[in-house]
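Chain by chain, the residues:
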Amino acid sequence: MQLLIMNIMIHYLAPVRFSSDQVRYLAAFSKADHALTPDEHYITNFYNFFLYDQLGALGSILLSNIVLLLLINNTLLKDIKGLRLEEVILLNTAFVFLSFMNKEIIAIFLVLYLVFSKNNILIKVLLSSFYAYFSARYYWFIFLIMFLINKVVSLTNRYSIIISTIIMVLVGNIFFYFIFDHFLLEQRNRTIISLWYHNPDPINTEINWLHISNDNHVNSILNYLFAILTVMIFPFIYFLEFKIHLIFFYLVIYYLIYYFFFVRHDITKYEDQNIIILMSTFILTLLIFEPDLGSFARHLGPVFTAVAIHRARNLYS
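Only a predicted model underlies this, so the values are computations on that prediction, with no experimental measurement involved. (Residues numbered from 1 in each chain as written. Predicted model: local features only at pLDDT ≥ 70, side-chain atom pairs only at ≥ 80, totals over all residues. Heavy atoms only, no water.)

Moving on, we get to the overall build of the protein. The helix and strand inventory of the protein stands at 15 helices and zero strands. Against the 2.2 N^0.38 benchmark of 20 Å for 317 residues, the protein shows a C-alpha radius of gyration of 19 Å, consistent with a compact globule. Across the 317 residues that make up the protein, the buried fraction comes to 53%. Looking at the protein alone, contacts between residues at least 24 apart form 70% of all its contacts between residues at least 6 apart. Surface exposure of the protein reaches about 15200 Å², of which carbon and sulfur atoms provide 67%. Positive and negative side-chain charges of the protein, numbering 20 and 20 respectively, have mean locations separated by a distance of 9 Å. (Helix = DSSP H or I, 4+ residues; strand = E, 2+ residues; numbered from the N terminus. Rg over C-alpha atoms; globule rule 2.2 N^0.38 Å. Buried < 20%, exposed > 50% of the residue type's maximum accessible area, 1.4 Å probe, protein only. Contact = heavy atoms within 4.5 Å. Areas by Shrake-Rupley, 256 points an atom, 1.4 Å probe, with all protein chains shown as cover. Lys, Arg positive; Asp, Glu negative; His and termini not counted. Charge placed at Lys NZ, Arg CZ, Asp CG, Glu CD.)

As structure tokens, then:
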């Protein structure tokens, strides 16, 4: 109930930048079907399923949130007596963004399925691939491939998982060049240029692209490694203006770092292994593409939710 009340309050009180995607998606409901982009087509179908025509935007958002909460409560948290403050904060952080129309709610469903379901890993990856295709979230294919490889290889500690994921990204960078004639790790810079073209106003929290080397391949790798270091450890160097909500979201990200490196995980346990692989592959994939620190925090909603549930389940197991 508390999360649903928060959804309603945020929907009306949050800064306008939180609802930028929703504005575009609401406009999509009045477009002809052939004029919709792939993600608009996906969103309109999704919220129509949750009775957009009958309940309106907020009503369909709340209904989809209720379904997600019921699923979590009746399956993953059915034996949990309560949540601690840290789990409540993580869940609330995710639901700030779920207060608006976006693609994160299905992403959360699928991430929870990947982490907590004991079904065949190939089936789980295949189902998640359908989501990536129909929602036009193509970077998910990279995340899913790396998740699958790390899972199959069954590495024994978090450091080897990080290293293997980064190696996969660097190898993929070369393959991408031969297929598409530009490096995968240049994708963030291409997005930034596109954003500048369509909107001359600067992003207040843009993840900068630096000219470090004259070699494009080397430069793309160095920018990627620099982004890992700065976005996850020193994100505030990018801020053109400080906002309380951004500071809060990055304090939560610091909690993820603490959880990843300092909380004890039994890597032989199915869920522990999955949560460590999830954090490595999801975050390191997102850092290839995302040019904006604010959107980066939003896209981490599935990770926030999975970590909160994992912490609660470990506490009462």
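Still more to cover.
On to the packing of aromatic side chains. On inspection of all chains with the given rule, the structure shows 25 aromatic pairs. Between Phe 143 and Phe 282, the aromatic rings sit 5.1 Å apart at their centres with planes inclined by 75°, giving edge-to-face as the arrangement. Residue Phe 143 is found in helix H8 (residues 139–153), and its partner Phe 282 is found in helix H13 (residues 270–289); the two are separated by 139 residues along the sequence. Taking 6.3 Å as the distance between ring centres and 20° as the angle between the ring planes, the aromatic pair formed by Tyr 255 and Tyr 259 counts as stacked. One end of the pair, Tyr 255, and the other, Tyr 259, are both in helix H12 (residues 244–262), four residues apart, so they sit about a helical turn from each other. Each member of the pair, Tyr 255 as well as Tyr 259, carries the same accessibility label: buried. Cluster of aromatic residues (ring-pair linked, three or more members): Tyr 42, Phe 46, Tyr 47, Phe 49, Phe 50, Tyr 131, Trp 140, Phe 143, Phe 147 and Phe 282. (Phe/Tyr/Trp six-rings, centres within 6.5 Å; stacked < 30°, edge-to-face > 60°.)

Inspection of the entire model under this criterion finds nine salt bridges. Across the pair Arg 24 and Glu 40 runs a salt bridge whose closest N-O atoms are separated by 3.4 Å. Residue Arg 24 is found in helix H2 (residues 20–28), and its partner Glu 40 is found in helix H3 (residues 38–49); the two are separated by 16 residues along the sequence. Under the relative-accessibility criterion, Glu 40 is labelled buried at 2%. Note that Lys 31 and Glu 40 form a salt bridge whose closest N and O atoms lie 3.2 Å from each other. Taking relative accessible area as the criterion, Lys 31 reaches 36% and is therefore assigned partly exposed. (Salt bridge = Lys/Arg side-chain N within 4 Å of Asp/Glu carboxyl O.)

Every buried residue belonging to H2 is among Asp 21, Gln 22, Tyr 25 and Ala 28, and all of these are buried. The buried side chains of H2 occupy one side of the element, clustering within an arc of 110° when seen end-on. (Arc of directions from axis to C-beta.)

Confidence in the prediction for the protein averages 90 pLDDT; 99% of positions are at 70 or higher. Mean pLDDT across the secondary structure elements of the protein bottoms out at helix H1 (residues 2–13), with 83, and peaks at H13, with 96. (pLDDT = per-residue confidence, 0-100.)

The next thing to look at is the environment of Leu 112. By the secondary structure assignment, Leu 112 is in helix H6 (residues 104–116). Counting along the chain gives 195 residues from Leu 112 to Val 307, while the straight-line C-alpha distance between them is 9.7 Å. Sequence-distant contacts of Leu 112, that is, excluding residues within four places in its chain, are made with Ile 72, Leu 76, Ser 117, Thr 305, Ala 306 and Ile 309.

We now examine the packing of H12 against H13. Interhelical geometry of H12 versus H13 gives an angle of 135° and a closest axis separation of 11 Å. Between H12 and H13, the angle falls in the class oblique. Helix-helix and strand crossings are classified by hand; for H12 and H13 the assignment is left-handed. Contact residues: Leu 256, Tyr 259 and Phe 260 in H12; Ile 275, Ile 276, Met 279 and Ser 280 in H13. Considered class by class, the residues forming the contact of H12 with H13 number six nonpolar, one polar and no charged. (Axes fitted to C-alpha atoms, helices over the stretch in contact; angles between N-to-C directions. Parallel < 35°, antiparallel > 145°, perpendicular 65-115°, else oblique. Left-handed = near helix turned anticlockwise from the far one by under 90°. Nonpolar A, V, L, I, M, F, W, Y, C, P; charged D, E, K, R; others polar.)

As a further point, take the environment of Ser 213. With respect to the helices, strands and loops of the structure, Ser 213 is situated in the loop between helix H10 (187–198) and helix H11 (216–233). Overall, the relative accessible area of 17% leaves Ser 213 in the buried class. Sequence separation of Ser 213 and Asn 223 is ten residues, and the distance between their C-alpha atoms is 9.7 Å. Sequence-distant contacts of Ser 213, that is, excluding residues within four places in its chain, are made with Val 218, Asn 219 and Leu 222. A polar side-chain atom of Ser 213 sits 3.1 Å from the main-chain amide nitrogen of Asp 215. (Polar contact = N/O pair within 3.5 Å; in protein donor to acceptor, adjacent residues only side chain to side chain.)

Together, Ile 163, Ile 167, Val 171, Ile 174, Phe 175, Tyr 177, Phe 178, Ile 179 and Phe 180 make up a nonpolar patch on the protein surface, roughly 950 Å² of accessible area in all. Mapped onto the elements of the fold, Ile 174 is located in helix H9 (residues 158–180). (Patch = residues over 30% accessible without salt bridge, like charges linked within 9 Å, V, L, I, M, F, W, Y side chains within 5 Å.)

Quick look at unusual backbone geometry now. One non-glycine residue, Leu 51, adopts positive backbone phi at about 65°. With respect to the helices and strands, Leu 51 occurs in the loop between H3 and helix H4 (52–76). Phi is positive for Ser 154, close to 55°, though the residue is something other than glycine. Tracing the chain through its elements places Ser 154 in the loop between H8 and H9.

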